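Residue-level listing of the chains:
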Amino acid sequence: MAFRLKLKKPLKGGIRKIARKQLKGAIQHLQNDADQENEAIHEIRVHLKKLRALVRLIRGALGSQYAAENTCFRDIARQLSSRRDAEAALGVLRGLGEWLEGQGEAGAEAALAAGAVHSRMAERQRASKLHAATETQARLADELRAAADRIASWTEKINGFETLAEGLEATYRRARRAMKAAADDPHPETLHEWRKQAKYHRYQINLLEECWPLALEPMSEALRRLSDLLGDDHDLVVLREMLLCEGSQLATDAEREACLNAIEGRRAELREEFEPLGRLIYAEKPKHLRGRLEKYWNIRRADAG
């Protein structure tokens with residue numbers, strides 16, 4: 001099932017169905033085979049991010065229950081983050097090597113350094129890879145099953161699209177402010193916060209795409225691109241920290257310096273793309289976005305009815 005609310009279906013039922021679908025997917029991936037662990041962790045984290053975007057959208061209806069639900073999904077995701085970061089570092093090194101190869105002769109030597117570090121890092125992960133203990137997987141699955149039992153209470157106070165509009169505006173406003181904070185002080189922490197808020201905004205637009213797919217699908221695609229660019233920047237920062245903290249185990253001094261210089265060069269290139277893209281995406285004021293999508297919803301709902 002697509003991550004979309006259906007105009008022809010009751011709103012409360014649609015929200016409950018989507019939430020149960022995401023929880024079911026996360027629980028199934030917790031029961032993955034060892035050979036599929038990395039893929040499973042990625043999928044679980046995507047399900048959890050979608051759930052957090054959903055509870056933000058209906059935050060006005062959840063009231064005091066919102067904090068507990070958001071914390072539940074956040075804490076589960078955090079328990080998987082270290083394994084995700086380790087795997088992401090390998091992917092970043094591969095991508096960094098490919099980027100360096102495209103820089104001509106100037107990047108050739110640095111590409112060799114990135115390849116050497118990648119080989120050592122991959123070997124170390126193969127030698128020390130630890131899978132989540134069975135009891136940990138069972139505990140996380142139990143927490144998600146408990147959340148599924150609470151879903152029925154999520155929609156008790158939903159009052160039509162007005163409730164969603166409140167959450168949509170708040171999420172968009174936070175993402176817009178995060179973008180401005182990152183522009184004023186482009187440190188890894190502010191950029192990472194912008195990335196998180198952009199993802200929540202993207203998934204909420206996904207949920208509402210049926211309002212007007214012709215307008216909202218391109219918006220969703222632009223948000224996906226922004227999230228990917230900010231995600232690449234975050235992964236480069238994680239790799240940089242690994243090289244600085246564990247560099248002697250992963251690289252020679254020359255290799256480490258070559259990789260660190262390449263990381264900064266690639267990050268600068270990414271900024272040249274995500275900064276103007278962000279300004280375009282967040283050019284609209286929050287109350288205007290809310291009003292526009294609420295009009296789309298009401299028009300299309302009336303036509304569908």
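Every residue gets a number counted from 1 within its own chain, in the order that chain's sequence is written. In keeping with the model being predicted, local features are shown solely for residues with a pLDDT of at least 70 and side-chain atom pairs are shown and tallied solely at 80 or more, while totals for entire chains, interfaces and linings include all residues. Excluding hydrogens and water, the side-chain figures rest on all heavy atoms present in the structure.

A few words on the overall build of the chain. Put simply, DSSP marks the helices as runs of H or I at least four residues long and the strands as runs of E at least two long, and each gets a number from the N terminus on. For the chain, the count of helices and strands is eleven helices and zero strands. Taken over C-alpha atoms, the radius of gyration comes to 21 Å for the chain, in line with the 19 Å a tight globule of 305 residues would show. A buried classification covers 47% of the 305 residues belonging to the chain. Sequence separation of at least 24 residues holds for 80% of the intrachain contacts in the chain that already meet a minimum separation of 6. All accessible areas in this document rest on Shrake-Rupley with a 1.4 Å probe, and a residue is counted as covered only by the protein chains that are shown. Carbon and sulfur atoms make up 49% of the accessible area of the chain, which amounts to about 15,100 Å² in all. Here the chain contributes 53 positively and 47 negatively charged side chains, and the mean placements of these two sets differ by 9 Å. Taken over C-alpha atoms, the radius of gyration is set against a globule rule of 2.2 Å times the number of residues to the power 0.38. Burial classification: accessible surface area is computed with a 1.4 Å probe over protein chains only, and a residue below 20% of its type maximum counts as buried, one above 50% as exposed, and the rest as partly exposed. We call two residues in contact when some of their heavy atoms are within 4.5 Å. Under the counting rule used here, the positive set is Lys and Arg, the negative set is Asp and Glu, and His together with the chain ends is not counted. By convention, charge coordinates are those of NZ in Lys, CZ in Arg, CG in Asp, or CD in Glu.

Let's shift gears to the nonpolar core. By nonpolar core we mean a set of buried residues, namely Ala, Val, Leu, Ile, Met, Phe, Trp, Tyr and Cys, connected to one another through side-chain atoms within 4.5 Å. In terms of nonpolar packing, the biggest core is built from 95 residues, with Phe73, Trp194 and Tyr282 touching the most fellow members. With 13 residues, the top contributor of residues to this core is helix H4 (residues 65-101). In contact with tryptophan 194, other than residues within four places in its own chain, are Ala175, Ala178, Met179, Ala182, Leu226, Leu230, Phe274, Gly278 and Tyr282.

What counts as a salt bridge is simple: a side-chain nitrogen of Lys or Arg found within 4 Å of a carboxyl oxygen of Asp or Glu. All chains considered together, the criterion is met by 20 salt bridges. Across the pair arginine 240 and glutamate 264 runs a salt bridge whose closest N-O atoms are separated by 3.4 Å. Taken together, the residues span a long stretch of sequence, with arginine 240 in helix H9 (residues 213-250) and glutamate 264 in helix H10 (residues 253-281) at a distance of 24 residues. Judged by relative accessible area, which is 18%, arginine 240 ranks as buried. Between aspartate 253 and arginine 256 there is a salt bridge, with its nearest N and O atoms 2.7 Å apart. Of this pair, aspartate 253 and arginine 256 are both found in helix H10, three residues apart, which corresponds to roughly one turn of the helix. A single salt-bridge network, built from bridges that share partners, covers Arg4, Glu209 and Glu217.

A word on the packing of helix H8 (residues 188-207) against H10. Packing of H8 against H10 brings their axes to within 13 Å, and their N-to-C directions diverge by 45°. Put simply, H8 runs oblique to H10. In the packing of H8 onto H10, the handedness of the crossing is left-handed. Two secondary-structure elements touch here, H8 through Pro188, Leu191 and Trp194 and H10 through Arg267, Phe274 and Gly278. For this classification, the nonpolar set comprises Ala, Val, Leu, Ile, Met, Phe, Trp, Tyr, Cys and Pro, the charged set comprises Asp, Glu, Lys and Arg, and every other residue, Gly included, is treated as polar. In terms of residue class, the contact of H8 with H10 is built from four nonpolar, one polar and one charged. What counts as an axis is a line fitted to C-alpha atoms, over the stretch in contact for a helix, and the angles between N-to-C directions run from 0 to 180 degrees. Working rule for angles: under 35 degrees goes down as roughly parallel, over 145 as roughly antiparallel, 65 to 115 as roughly perpendicular, anything else as oblique. In a left-handed crossing the near helix is turned counterclockwise from the far helix by less than a right angle, and in a right-handed crossing that turn is clockwise.

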